[in-house]
Structures are given as structure tokens and as C-alpha cells.
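Fold and contact review
If you want the building blocks of each chain, they are given just below.
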Amino acid sequence: MPTIAAGEVQLYVRAKLGFCNCTTGVADDTDLEQMGDLALIGKTTPIGAGREIVVGPMQGRSRAYRVEGNGNAALSFAFNQRCDMVAATALVGRGVPGSLEPAVLAFLNSDRMLKWAEIALGL
């Protein structure tokens, strides 16, 4: 992902086919933690409650976290279409990760990323 005004963001995105609850999707913060990829970056602590997001035709949640041990922060996103979902994790440096969420969401909603999600999820 390119550099955003507030600093560099490393964004990791992957499709998870058949991984989502087909009825409720990513309904709450517990779902987000179970379906997201934060475990891949180490131990994290939430910074406040998550919130609902929309990425193209998909609905989901996002939440900010503090990465323990290095002072960095992360944003976790999960959104679904039927039983399939996309998990995205944005690693950011020190600071307020919530302030970068609109820029990351704008990138996830870009034509390039929506086309990728369409292909990856078989929409």
C-alpha cells in the first residue's frame, strides 16, 4: 500500500472462502477477532470498540489494536459476501491508528481492490 499522509501503512489482505457465518456475517467484535488475522502479527490489545464498515457490496467490522512489545498499532478489518469473507490487517507505526482508518477503507473500496475481492471470492 502506498504511503498515506500520516505515514506508511503495511496492508495484508486475504480471502477466506467458507469461513464466515452465512447468516450473520461479521456481526460483532468477537466475530472480528475470530475471523481476522491479528494472530499472525502477535499479541494485541483492543483500543476501544469496533465499528461497522462497508466495502463495496460487503458489510463487516473494523477495530484498532495496540501491538504489544513494539509500540506499533494495527487495524483489523473483516467483511463478507454470503459465506465468504476478506480479512485485512493494516500495520501502522506509533500514533493513533483510528485516524488512518478512512484512508485504508478508501483503498479497500478502490476499483482495484473491489475487483480483486470479486475474483477472489468468486462473486
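Residues numbered from 1 in each chain as written. Predicted model: local features only at pLDDT ≥ 70, side-chain atom pairs only at ≥ 80, totals over all residues. Heavy atoms only, no water.

With 21 residues, the main nonpolar core has Val55, Leu75, Phe77, Phe79, Ala90, Val104 and Leu108 as its most contacted residues. Among the secondary structure elements, those contributing two or more residues to this core are strand E1 (9-16), strand E3 (51-55), strand E4 (58-67), strand E5 (73-81), strand E6 (84-92), helix H2 (101-108) and helix H3 (111-121). Excluding its chain neighbours within four sequence positions, the residues that come into contact with Leu108 are Leu11, Val13, Val55, Phe77, Phe79, Ala88, Met113 and Leu114. Formed by 12 residues, the second largest nonpolar core is a distinct cluster that contains Val26, Leu32, Val67 and Ala78. (Core = buried A, V, L, I, M, F, W, Y, C linked by side-chain atoms within 4.5 Å. Buried < 20%, exposed > 50% of the residue type's maximum accessible area, 1.4 Å probe, protein only. Helix = DSSP H or I, 4+ residues; strand = E, 2+ residues; numbered from the N terminus. Contact = heavy atoms within 4.5 Å.)

Moving on, we come to H3. Considered for burial, the residues of H3 that qualify are Met113, Ala117 and Leu121. Seen end-on, H3 carries its buried residues on one side only, within an arc spanning 55 degrees. The exposed set on the far side of H3, more than 90 degrees from its buried face, consists of Asp111, Arg112 and Ile119. If you follow the buried residues of H3, they end up packed against E1, E4, E5, E6 and H2. The positive-phi residue at the C-terminal boundary of H3 is Gly122, with phi of around 70 degrees. (Arc of directions from axis to C-beta.)

Before going further, it helps to examine the state of the cysteines. Evaluated as defined, the whole model comprises one disulfide. Disulfide pairing places Cys22 opposite Cys83 at an S-S distance of 1.6 Å. Looking down the S-S bond of the Cys22 and Cys83 bridge, the torsion is 125 degrees, so its handedness is right-handed. On the criterion of sequence distance, the pair formed by Cys22 in the loop between E1 and helix H1 (29-35) and Cys83 in the loop between E5 and E6 is long-range, its members being 61 residues apart. Using a relative accessible area of 26% as the deciding quantity, one classes Cys83 as partly exposed. (Disulfide = S-S within 2.5 Å.)

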